[in-house]
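# A closer look at the structure
One letter stands for each residue in the lines below.
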Amino acid sequence: MGESREKLVLIGNGMAGMNTIEHIIKLAPHKYDITVFGSEPHPNYNRILLSYVLAGDSKVEDIVIHPMEWYEANGIHLYSNETVTSVDTAGQNVTTDSGLTVAYDKLIVATGSNPFMLPLPGADKEGVMAYRTIRDCEIMIEASQQYKKAVVIGGGLLGLEAARGFLNLGMQVDVVHIVDTIMERQLDRTASKMLQEALEAQGMNFLLEKQTESIIGDERVQGLKFKDGTVAEADLIVMAVGIRPNVALARESGLEVANGIVVDDYLQTSVPNVYAVGECAQHRGAVYGLVAPLYEQGAVLAKRLAGAETVPYEGSVVYTKLKVSGVDVFSGGQFMDAEDTKAIRVHDEFSGIYKKVVVKDNKIVGAVLFGDTADGTRLMQMIRNGDDISGLEKTAILRDNSGSGNGGGSGVAEMADDAIICGCNGVSKGTICSAIKDQGLTSVEEVKNCTTASRSCGGCKPLVSELLSYTLGDAYEKTSGKETICGCTDHSREEILAAMKEKGLSHVKEVMSVLAWKNEGGCSKCRPALNYYLAMLNPTTYADDPTSRFVNERMHANIQKDGTYSVIPRIYGGVTSPAELKRIAEVAEKFEVPTVKFTGGQRIDLLGVKKEHLTQMWEDLDMPSGYAYGKALRTVKTCVGDTYCRFGTADAMGMGIQLEKRFERLNTPAKVKMAVSGCPRNCAESGIKDLGVVAIDGGWELYAGGNGGVKVRAGDLMMVVKTESEVIEYTEAYLQYYRETGIYGERTSEWVKRLGIDTIKEVISDPEQRAGLCARMNETLSVTKDPWKEAVNNATIRKDLYEVVEIKS
Ligand SMILES: Cc1cc2nc3c(=O)[nH]c(=O)nc-3n(C[C@H](O)[C@H](O)[C@H](O)COP(=O)(O)OP(=O)(O)OC[C@H]3O[C@@H](n4cnc5c(N)ncnc54)[C@H](O)[C@@H]3O)c2cc1C
Ligand code: SF4
């Protein structure tokens, strides 16, 4: 069957190329054998959402558009981490950096752009970087743990998103911009100044009208020098000054290249059977740097390659929304005033709202919205349609969205069926409404999964929600506004817990069946949550469901990117002995562990362990699991306290060991880290732990909800107690309260913020409530078992989970 298929090769596993492939598969599932090459070591991910990863609101896994299984399921050969280095357009094949050559009948070049790096003296120093990839995000997050001062060069969309990310990472940030207004390519002066004020209030510092002369420092950057002679300090510099189409490969392969790879209205390049799409392509003189036009190109190219009829691609009208910063900004079309334009303006300085609609020859040609962007989609539609507005009241063009107008402020009811709701993915009102009706969709998440609307920047989520309300009426009102635990159910966490209690539900499948889960098998979000909630409610009777756990928790070891595991035994309070160290060293030697590393939590990590060695290593180590993989108590970091330190007022090591022995193996909604310091000098960093204990004269302070990770948060002082046994008692109550009221996956830093420290104090200070919480904690702790010992002593577990079976062909 496969032999008759044509060979389609895609260079560039990014948003534009993969969107095209997804369309082709839908239109002509059996036409091509598809091979995709991508330089990055990831499946296709949503680059737009990198800012959410940087801001700490999403994880890398959350922004993947096409997971590895998707390629597999669609029979696509994906070569990630593999760069195409040459294209032989006569022989119709491509060759990669690893020497692989693959033939094609049709080739799509979608190599995107490269960030432009200013060629400044010193730009090659360590700590100077761009912002484009997952790797860049990782470097920025890592750097924020060591360095405190970032400078972003470039006050455009990307620069501001990077700067907001740095603020979230706890860094100070200066934004350097060459002119006196930020985002000047998207905003007029009024909106730009309003945005600047809003961002300054968030802690961003702007250095405007500054031209960088050089980057100073030794090996690593220390600052920037400007042409006016002033300097700014910096430990990290991000250049966000624009992008350049990535055309080197195309040029070397003989394709016609101007700024980008020149394509016609069907995305065909100057060479037969070779097409280009995305940021690398130049169409009618324009190169685009936003997703919506690239997806419009992809839709045309996909139809062409699938053999379907298509209108030509004639260019795009673009619009921009600022994400992440919490400030609503929209700009689209030709938004600057010109001699032949007039504008309708609303500027409400009290509410911080500014709207400008630019009109030329009775047609709307551009708009800027600040503070209230609900009109954005409708105005874009009017711009695209070229609607004549001469008959319209000016007030009908700019609505007052502050009231509770019928059908929502954006007037979805009056929109035409072909009005585009999701600009990024080109999804119309008609498509969304039909999907809601025909597929029985009831949530924004379901609409996203079914139609792709809101899958990219997410800016149209409010409109999708309004369409749900408009299409479903009261039925939607009942489910909207309620946080469901995932798209598989309409039930909230509270409703699920109530049902578990009232109906006595006792396993994951039963919950899904009784509560009529929409997705029969559940998903990776709800199954682990249900497993946790059931165990929390029924600690002594519930049988853990390993199939509802993430792989690390199932294996009791962290799987690493190369498929090996890491083994971290528990070292109570970070205090060990020569005998224990010798044993760890012997095990590391015996199993040829390639890397032995101290962790930030004062223990030892054996990295690069083969799966088949895990149980034997655990047996030889004869130490308990450190739970470094689990939503559970991880570490209790301690300082030496009064045992050795002359400032110490209490036995910090002893207290830490007691706490760790008491709460090891306790499952919690998210990981829990603790620390004990022997005096307020706080050498064990108790202020940034889920529970921080600090010795003071005659007692102990307990700090709650601290976090030293991506979203740094100082813990709140929760309690001052006198004795060690009170430390244990209050910790029991605190952790049990967290276990009972925390949302699965929610760290204590978010939980404390959500509930308020006063509420938590009130509950655990109340003797009756505290006693109840401690009793339930006792019950839970009475049945915990060490998972490593269990695996060592149980042949079935060993065989099922850790044995490697060789498959002979
Ligand atoms: C932080 C950030 C925020 C953004 N926010 C928005 C936004 O809010 N709205 C919006 O519309 N746009 C936004 N963008 C822009 C948007 O992400 C891009 O327009 C879009 O990703 C471009 O898609 P592409 O497929 O053309 O290029 P890319 O996504 O860059 O994909 C190209 C891929 O090809 C690979 N590649 C290149 N050469 C080769 C080779 N020779 N062999 C193999 N692989 C190769 C690259 O490694 C890359 O993975 C943002 C971009 C960033 C970085
Ligand atoms: S926290 Fe206090 S007691 Fe502990 S090591 Fe530091 S100075 Fe010494």
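Residues numbered from 1 in each chain as written. Chains lettered and ligands numbered in written order. Predicted model: local features only at pLDDT ≥ 70, side-chain atom pairs only at ≥ 80, totals over all residues. Heavy atoms only, no water.

## Things to note about the site of ligand 2
To keep things clear, this is the line we draw: The criterion for a residue being near a molecule or strand is simple. One of its heavy atoms has to lie within 4 Å of it. We call Asp, Glu, Lys and Arg charged. Ala, Val, Leu, Ile, Met, Phe, Trp, Tyr, Cys and Pro are nonpolar, and the rest, Gly among them, are polar.
The environment of ligand 2 is formed by Cys639, Gly641, Cys645, Phe647, Gly648, Ser677, Gly678, Cys679, Arg681, Asn682 and Cys683. Grouping the constituent residues of the shell around ligand 2 by class yields 5 nonpolar, 5 polar and 1 charged.

## Overview of the side chain of Asp188
Rule in force here: Counting from the N terminus, the helices are the DSSP runs of H or I reaching at least four residues and the strands are the DSSP runs of E reaching at least two. Under the rule applied, a polar contact is a pair of N or O atoms within 3.5 Å (in protein, one hydrogen donor and one hydrogen acceptor; residues adjacent in sequence only if both atoms are side-chain atoms). Contacts between residues were defined by any pair of non-hydrogen atoms, one from each residue, lying within 4.5 Å.
Here Asp188 is to be found in the loop between strand 11 (172-177) and helix 6 (189-201). In this structure the side chain of Asp188 is engaged in a polar contact, spanning 3.0 Å, whose partner is the backbone nitrogen of Ala191. Apart from residues lying up to four places away in sequence, Asp188 is in contact with Phe335, Met336, Tyr354, Lys356 and Val368.

## Regarding the domain arrangement of the chain
Inclusion rule: Residue ranges labeled as domains rest on an automatic or database domain assignment.
Segmentation of the chain into domains returns domain 1 (6-112 + 246-306), domain 2 (115-244), domain 3 (423-481), domain 4 (493-549) and domain 5 (631-785). Relative to domain 4, the C-alpha centre of domain 2 lies at a distance of 46 Å.

## Overview of empty space enclosed by the protein
Selection rule: Both site types are read off a 1 Å grid over the protein atoms alone. A 1.4 Å probe that fits but cannot get out defines a cavity, while an open set with protein on both sides within 12 Å along at least five of seven lines defines a pocket; lining residues have an atom within 4 Å of a point. Grid points are joined across faces, edges and corners, and a volume is the space filled by probe spheres set on the points.
Scanning the model with the defined rule gives 5 cavities of 30 Å³ or more in all. Considering only enclosed or pocket space, the largest cavity measures out at about 120 Å³ in volume. In terms of lining, the largest cavity is formed by 18 residues, of which the most central are Tyr319, Ile421, Cys422, Gly423 and Cys460. Mapped onto the lining of the largest cavity, the elements with two or more residues apiece are strand 21 (319-321), helix 9 (376-385) and strand 26 (420-422). A class-by-class count of the residues in the lining of the largest cavity yields 9 nonpolar, 7 polar and 2 charged. The computed volume of the second largest cavity comes to approximately 90 Å³.

## Observations concerning the confidence of the model for the chain
Applied cut-off: The predictor attaches a confidence to each residue, and that confidence, scored 0 to 100, is pLDDT.
With 95% of its residues at a pLDDT of at least 70, the chain reaches an overall mean of 89. Here residues 400-409 is modelled with pLDDT under 50, and outside its nearest four sequence neighbours on either side it reaches 12 contacts, counting other chains as well.

## Observations concerning the pattern of salt bridges
Filter applied, for reference: Salt bridges, as used here, are contacts in which a Lys or Arg side-chain nitrogen is within 4 Å of a carboxyl oxygen on Asp or Glu.
Applying the stated criterion to the full structure yields 34 salt bridges. Across the pair Asp265 and Arg284 runs a salt bridge, and its minimum N-O distance is 2.7 Å. Pair noted here: Asp265 is in the loop between strand 18 (261-263) and strand 19 (274-276) and Arg284 is in the loop between strand 20 (281-283) and helix 8 (291-306), with a separation of 19 residues, a long-range link. With its nearest N and O atoms 3.6 Å apart, the salt bridge here joins Asp545 to Arg527. Linking Asp545 in the loop between helix 17 (526-537) and helix 18 (551-555) with Arg527 in helix 17, this pair joins segments that are 18 residues apart in sequence.

## Brief notes about the side chain of Lys637
For clarity, the cut-off: Type-normalised accessible area, obtained with a 1.4 Å probe on protein chains alone, sets the label of each residue: buried when under 20%, exposed when over 50%, and partly exposed for intermediate values.
Looking at where Lys637 falls in the secondary structure, it is placed in strand 32 (residues 633-638). What makes Lys637 buried here is its relative accessible area of 13%. Polar side-chain contacts of Lys637 include one of 3.0 Å to the side chain of Glu685.

## Side note on the nonpolar core
Condition: In these notes, a set of buried Ala, Val, Leu, Ile, Met, Phe, Trp, Tyr and Cys residues joined through side-chain atoms within 4.5 Å is what counts as a nonpolar core.
Met140, Leu160, Phe166, Leu195, Met204, Ile432 and Val464 are the most contacted members of the largest nonpolar core, which has 72 residues in total. Residue contacts for Ile432: discarding those within four places in its chain leaves Ile421, Val427, Val447, Thr451, Ala453, Val464 and Leu467. Among the nonpolar cores identified, the runner-up in size contains 48 residues, and Tyr32, Val36, Leu78 and Val274 belong to it.

## A few points about the UniProt feature "domain: BFD-like [2Fe-2S]-binding" (unreviewed entry) in the chain
In plain terms, the rule: UniProt positions are given in the numbering used here, feature names are shortened, and annotations may be inferred rather than shown by experiment.
What UniProt calls "domain: BFD-like [2Fe-2S]-binding" (unreviewed entry) maps, in this numbering, to residues 420-468 and 485-535. For residues 485-535, helix accounts for 55% and strand for 0%, while the C-alpha atoms at its two ends are 17 Å apart.

## Thoughts on the sheet that holds strand 6 (residues 101-103)
Inclusion rule: For two strands to be treated as a pair, DSSP must find no fewer than two bridges joining them. All axes are obtained by fitting lines to C-alpha atoms, using only the stretch in contact for helices, and the reported angles, taken between N-to-C directions, cover 0 to 180 degrees.
The 3 strands lie next to each other as 4-5-6, forming an open sheet whose pairing is antiparallel. Edge positions in the sheet fall to strand 4 (84-88) and strand 6, since each of these pairs with one other strand and no more. Between one strand axis and the next, the sheet turns by 20 degrees as a mean value, whatever way the strands run. Relative to strand 5 (residues 93-96), strand 4 is paired through 4 bridges, and the arrangement is antiparallel. Bridge assignment links Val87 to a residue of strand 5, and that residue is Val94.

## Concerning the sheet that holds strand 9 (residues 128-129)
Reading across from one edge, 9-16-10-11-12 is the order of the 5 strands in this open sheet, with parallel pairing throughout. Here the strands that pair on one side only, and so sit at the sheet edges, are strand 9 and strand 12 (205-208). Summarising the sheet, strand 9 and strand 16 (residues 236-239) pair through 2 bridges and their orientation is parallel. In the strand pairing of strand 16, Met129 is matched with Val238.

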